[in-house]
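# Architecture and fold: a report
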Amino acid sequence: MSSLVKFTPLWGARNEQPMCYLLEIDEACILLDCGWDESFDTRILPPIRDLKKLAARIDAVLLTHCDLMHLGALPYLVKECNLRAKVFATLPVQKMGQLTMYDIVQSRTAKEEFDVLSLADIDAAWDLFVQLRYQQTTSLTGKADGITISPLNAGHLIGGAVWKITKDSEEIVYAVDYNHAQDRHLDGTVLVDLPRPSILITDAYTALDKPFPGGKKAREAALLEKVQSGIDNGGNVLLPVDSTGRVLELMILLDEYWSVRNLRGVTLAFLSPESRSTVDMAMSQTEWLSKHVNHKFVQSRQNVFHFNHLKRCCTMQELRALPMPQVVLASGLDLETSSFALDLFAGWAADPRNAVILTQKARPDSFARRLHDDLLEHRKLPNRMELQMHKRVALEGRELREYEEKQKQAEEDAKRKLEE
């Protein structure tokens, strides 16, 4: 007997916005991903009233990857819309995704007033997670009774999943941001080996991108050439990155290059509020890595994330203590919202010896994306650029007294309510 299947893009269709889709199978409602971006702009999302109605209907949430584009709005839906459905993901997506959210929230709150999300909101959302292994099948309950789900390797990011959703004779495959090629630490997706499904839900995010001449090896060689050129010029090199995703591949590539070229006099660093936790977590996820990496670990106990040269820094003070010149992977892909990458760009941009290398497309209309597009179109960059920076400053004088009075009044009001 055929099921009634309905697919509704909530946001992230026909554009480059973060992804969130609603899959309805008969009476069941399944949320496929729940992304946001660094701006945390609620105008991207449907009206809060509609989101609350939607959250009450959701029976399960399936997450594919650990980056903001796929899970960034989850804590917001839990906090503001009372989403209480179970959230299914692989272990790396759960753990690395939590670090992704910690990183961006800490970056924002360190520099500005940011009340969209807190670390406590993130923890509350992550209490809903159910971990699954690749090819592990689990049955949904309630209105979704009779539906089974199973995550399969998507490649692209550690723990990334292609979801197989089955009810009776209907088989639906949800596959976004997958990678056919093998990376240094990940196998390619298994999508090509799957039988033809009844329905395939996929994306075309990079379909119109021009392939790099010569493929992956040539692309990596070009990146390393640019890094070396920056070093030879006597300057520093900044690479704005995500905090837990493709940055792992870059760290492996650059650490290997440092060993081959014996660049002991040049600092290689990963700068992020959660840099230590990110690398430690990646080191503990060997079973989710490629067969080659796992075989090497079994044979020699050599972990691909045990870096010989890469320094992990959680603050600017730690980075400044390291010698120059520096090649820094800094969190803050968009070079716009408060982040370490923005701080370094502002500090290094005026020196012509320094270089910035953009390795990923940032969100549309962001500062990094405008730079990216101008470079691709061979447009001349302006000599002067305006940056919006945030900084926390200690209150003094009248402002401090007014703040203390407000705090005192708030405490008295709270005490009075308790007494009543």
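As the structure is a prediction and not an experimental result, all values here were calculated from the model.

## Examining the packing of aromatic side chains
Inspection of the entire model under this criterion finds ten aromatic pairs. Note on F7 and Y21: the rings are 5.4 Å apart at their centroids and 50° apart in plane angle, and the pair reads as tilted. Here Y21 lies in strand β2 (residues 20–25) and F7 lies in strand β1 (residues 5–11), a separation of 14 residues in the sequence. Pairwise contacts between aromatic rings join W36, F40, Y76 and F114 into one cluster.

## Description of the pattern of salt bridges
Scanning all chains against the criterion turns up 27 salt bridges. For K79, the salt bridge identified is with D121, shortest N-O distance 3.4 Å. With K79 in helix α3 (residues 74–81) and D121 in helix α5 (residues 119–126), the pair connects residues that are 42 residues apart, well separated along the chain. For K79, a relative accessible area of 35% corresponds to the partly exposed category. Take D121: its relative accessible area is 15%, and that puts it in the buried class.

## Quick notes on the state of the cysteines
Applying the stated criterion to the full structure yields zero disulfides. Unpaired in this structure, C313 has its nearest cysteine sulfur neighbour in C314, at a distance of 7.7 Å.

## Structural notes on the side chain of S339
Locating S339 in the fold gives a position in the loop between β15 (326–331) and α11 (340–348). What S339 contacts, discounting residues up to four positions off in sequence, is S107, S331 and G332.

## Section: the sheet that holds β1
In space, the six strands of this open sheet follow the order β1-β2-β3-β4-β5-β6, with mixed pairing throughout. Strands at the two margins of the open sheet, each flanked by one partner only, are β1 and β6 (129–132). This sheet shows a mean twist of 25° between the axes of neighbouring strands, independent of strand direction. The pairing of β1 with β2 spans six bridges and is antiparallel. Counterpart to V5 in the pairing with β2 is I25. Where helix α4 (residues 91–109) meets the sheet, it contacts β5 (86–90) and β6, and its direction lies at approximately 105° from that of β5.

## Side note on the sheet that holds strand β7 (residues 138–139)
Taken in spatial order, the five strands make up an open sheet running β7-β8-β9-β10-β11, and their pairing is mixed. The open sheet terminates on both sides in strands that have one partner only, identified here as β7 and β11 (199–202). Sheet analysis places strand β9 (residues 161–167) next to strand β10 (residues 170–175), joined by five bridges and oriented antiparallel. Counted as the bridge partner of T166 is E171 from β10.

## Points about the nonpolar core
Grouped together as the largest cluster of nonpolar side chains are 78 residues, with contacts concentrated most on L63, L74, W258 and L329. At nine residues, the largest contribution of residues to this core is made by helix α7 (residues 247–261). What L329 contacts, discounting residues up to four positions off in sequence, is L239, V241, V247, L250, M251, L254, A269, F270, L271 and L310. Ranked by size, the runner-up nonpolar core spans 22 residues in total, among them I25, A28, I30 and A60.

## Some points on α7
In this model, α7 (15 residues) spans 21 Å end to end at C-alpha, consistent with the 21 Å of a helix rising 1.5 Å per residue. Burial within α7 is extensive, with eleven of its 15 residues counted as buried. Residues V247, L248, E249, L250, M251, I252, L253, L254, D255, Y257 and W258 constitute the buried set of α7. A positive phi of about 55° marks N262, the residue just after α7.

## Quick word on α5
Those residues of α5 that fall on the buried side of the exposure criterion are D121, I122, A125 and W126. Down the axis of α5, the buried side of the element spans an arc of 135°, and every buried residue falls inside it. Against the buried residues of α5 lie α2 (68–71), α3, α4 and β6.

## Things to note about the packing of helix α1 (residues 48–57) against α3
In contact at an axis separation of 10 Å, α1 and α3 are set at 90° when each is read in the N-to-C sense. Between α1 and α3, the angle falls in the class roughly perpendicular. Contacts between α1 and α3 involve I48, L51, K52 and A55 from the first element and Y76, L77, E80 and C81 from the second. Split by residue class, the contact of α1 with α3 holds six nonpolar, no polar and two charged.

Rules behind the numbers
Residues numbered from 1 in each chain as written. Predicted model: local features only at pLDDT ≥ 70, side-chain atom pairs only at ≥ 80, totals over all residues. Heavy atoms only, no water. Phe/Tyr/Trp six-rings, centres within 6.5 Å; stacked < 30°, edge-to-face > 60°. Helix = DSSP H or I, 4+ residues; strand = E, 2+ residues; numbered from the N terminus. Salt bridge = Lys/Arg side-chain N within 4 Å of Asp/Glu carboxyl O. Buried < 20%, exposed > 50% of the residue type's maximum accessible area, 1.4 Å probe, protein only. Disulfide = S-S within 2.5 Å. Contact = heavy atoms within 4.5 Å. Pairing = 2+ DSSP bridges. Axes fitted to C-alpha atoms, helices over the stretch in contact; angles between N-to-C directions. Core = buried A, V, L, I, M, F, W, Y, C linked by side-chain atoms within 4.5 Å. Expected span 1.5 Å × (residues − 1). Arc of directions from axis to C-beta. Parallel < 35°, antiparallel > 145°, perpendicular 65-115°, else oblique. Nonpolar A, V, L, I, M, F, W, Y, C, P; charged D, E, K, R; others polar.

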